[in-house]
Amino acid sequence: IAKAMPRYEPQLIMKIESITLREIHMPLVHFFETSFGRVYSRRILLVSVEADGVRGWGECVAGEDPYYSPEWTETAWPTIKHYLAPLLLQSELDSGRDCAARFARVRGHRMAKAALENAVWDAEARQKQLPLWKLLGGTRREIACGVSIGIQDTPEQLLQKIETELAAGYRRIKIKVKPGWDLNVLEKIRARWADIVLSVDANSAYTLDEVEHLRKFDAFNLLMIEQPLWNDEIYLHARLQKAIQTAICLDESILNARDADFALETGACRIINIKVGRVGGFSEAKKIHDVTVRHNVPVWCGGMLESGVGRGHNIALSTLENFRLPGDVSASKRYWKEDIIDPEVEVRADGMIAISDAPGTGYQVREELVRKFTVREETFRAGK
């Protein structure tokens, strides 16, 4: 009897036909302040790619200024226009994960790279009629949500915001801290809510000379202190972690899987925050995730004041198995009067987001609203 031949399924090849880059302006519902400063609105770069009749969307998380990272709006636009878009338009792709190799000759500029790569992943998922989370290898059908609250004008205003977010069901409260806005507000929070899951984010506001001050954070039973020291430092975080009981979470210091492995090998942190835009896209984010699995260290997904496009990508990433802690993927209405996706991201009363089985991110971009918010736009085509 003739042996049955294995079924051959041809690999889908993606041909990127055009790339459109847009800058949109979206006012925030409420200002957001960190140790870097205060913002009232966002300049957001959106990328859309056309491939074989489908359109995928990506978002560049670079800020308006080069404070969180060296990248900002005015570096991302020309980097995409002059370098990354031409590299993507020159060749066919098997999948979104091929983008990283295409972009390798361009050093750095991870946020610009992530915008394009993630758009290709979205297009691939839509082409294959798969949810993006399944294409990434996710397993969670719902994700737990925390919330990030910026520095406020008064401690009383902060307490009022925390009360609002707890009533909305969020499972973890994170507050931004800096010298002069830290122990005093933590005392007020714990006096009112002794048992809530609470963490703080310093955005590199402290130095190792302040270790005695940072040791006082241990009294507040925090889930973590995020990025207390320099943004490009791992070794000194390892020294600090040995000196304090509170778990350090690294954010800005982790740019790739090698950084994650080094940080965990040296004991620089006990938690890692993976931001898909910060690390260059889904491919590297998955590698970092896999490193943390090997080290048995939990991760969570941080936010960058994204529109619904980037928020949908964060939701998909958060379905991977080791995203064991509530992330910053909160509801659209916390930030925008009107988000650019349909449906908007909603958080259930129990602090969870249900995962959609629709192709791509599960959210449709409201292109008429994108056009309304657009202040500049440019399209690049293959062969031109």
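Whatever comes next refers back to the structure up there.
Conventions adopted
Residues numbered from 1 in each chain as written. Predicted model: local features only at pLDDT ≥ 70, side-chain atom pairs only at ≥ 80, totals over all residues. Heavy atoms only, no water. Buried < 20%, exposed > 50% of the residue type's maximum accessible area, 1.4 Å probe, protein only. Helix = DSSP H or I, 4+ residues; strand = E, 2+ residues; numbered from the N terminus. Arc of directions from axis to C-beta. Contact = heavy atoms within 4.5 Å. 1 Å grid on protein atoms, 1.4 Å probe; cavity = no way out; pocket = protein on both sides within 12 Å on 5 of 7 lines; lining within 4 Å. Points joined across faces, edges and corners; volume = space filled by probe spheres on them. Nonpolar A, V, L, I, M, F, W, Y, C, P; charged D, E, K, R; others polar. Phe/Tyr/Trp six-rings, centres within 6.5 Å; stacked < 30°, edge-to-face > 60°. Lys NZ or Arg CZ within 6 Å of the ring centre and 35° of its normal. Core = buried A, V, L, I, M, F, W, Y, C linked by side-chain atoms within 4.5 Å. Disulfide = S-S within 2.5 Å. Expected span 1.5 Å × (residues − 1). Salt bridge = Lys/Arg side-chain N within 4 Å of Asp/Glu carboxyl O.

On to helix α6 (residues 183-192). Of the positions making up α6, those classed as buried are L183, V185, L186, I189 and R190. Seen from one end, α6 has its buried residues packed into an arc of 155°, which puts them on one side. Looking at the buried side of α6, the elements it contacts are α5 (155-167), β7 (173-176), β8 (198-201) and α7 (211-215).

On to the layout of surface pockets, then. Taken as a whole, the largest pocket holds about 540 Å³ of empty space. Around the largest pocket, the lining is made up of 28 residues, and of these F32, T34, F36, Y68 and L305 lie nearest the centre. At the level of secondary structure, the elements contributing two or more residues to the lining of the largest pocket comprise β1 (14-34), β2 (37-51) and β7. Ranked by residue count, the leading element in the lining of the largest pocket is β2, at four residues. Along the lines of polarity and charge, the residues of the lining of the largest pocket split into ten nonpolar, seven polar and eleven charged.

Let's shift gears to empty space enclosed by the protein. As enumerated under the stated definition, the model contains three cavities of 30 Å³ or more in all. When its volume is computed, the largest cavity comes out at roughly 80 Å³. Around the largest cavity, the lining residues are L132, W133, G312, I315, A316, A354, I355, S356, G360, T361 and Y363. When residues of the lining of the largest cavity are traced back to their parent elements, those giving at least two are α4 (132-136) and α11 (308-317). Tallying contributions element by element places α11 first for the lining of the largest cavity, with three residues. Of the residues belonging to the lining of the largest cavity, the class tally is seven nonpolar, four polar and no charged. For the second largest cavity, the calculated volume is near 50 Å³. Lining the second largest cavity are W57, D122, R126, G308, V309, H313, I341, T361, Y363 and V365.

This part takes up the packing of aromatic side chains. Under the counting rule described, the total for this entry stands at two aromatic pairs. Ring centres of W121 and F282 lie 6.0 Å apart, and the angle between their planes is 70°; this geometry places the pair in the edge-to-face category. Taken together, the residues span a long stretch of sequence, with W121 in helix α3 (residues 110-127) and F282 in helix α10 (residues 282-295) at a distance of 161 residues. A cation over a ring is seen here: R172 above W300, with NZ or CZ 5.0 Å from the ring centre. Taking NZ or CZ as reference, R376 lies 4.0 Å from the ring centre of W77, over its face.

Right, let's talk about the nonpolar core for a bit. Across soluble globular proteins, nonpolar side chains have a tendency to be buried as a group. Formed by 75 residues in total, the largest nonpolar core has its most connected members in I162, I175, I189, F217, I272, L317 and I353. Among residues more than four places away in sequence, those in contact with F217 are V177, D182, L183, L186, V200, Y206, L222, I225 and T246. Formed by 34 residues, the second largest nonpolar core is a distinct cluster that contains M14, I19, A85 and A112.

Attention shifts here to the state of the cysteines. The final tally for this structure, using the stated rule, is zero disulfides. Its sulfur unpaired, C60 is 15 Å from the next cysteine sulfur, which belongs to C99. The class of C60 is buried, set by a relative accessible area of 2%.

Over its 14 residues, α10 extends 20 Å from the first C-alpha to the last, a length consistent with the 20 Å expected when each residue adds 1.5 Å. All of the buried residues along α10 are F282, S283, E284, A285, I288, H289, V291 and T292. Contacts made by the buried residues of α10 are with α3, α4, α9 (257-265), β11 (271-274), β12 (299-301) and α11.

Scanning the entire structure with this criterion turns up 27 salt bridges. Close ionic contact of R43 with E74 constitutes a salt bridge, the shortest N to O distance being 2.5 Å. With R43 in strand β2 and E74 in helix α1 (residues 73-89), this pair connects stretches of sequence that are 31 residues apart. For E165, the salt bridge identified is with R334, shortest N-O distance 2.8 Å. With E165 in helix α5 and R334 in the loop between α11 and β13 (341-342), the pair connects residues that are 169 residues apart, well separated along the chain. Each member of the pair, E165 as well as R334, carries the same accessibility label: buried. Counted as one network, the salt bridges with shared partners bring together R172, K174, K176, D201, E226 and D328.

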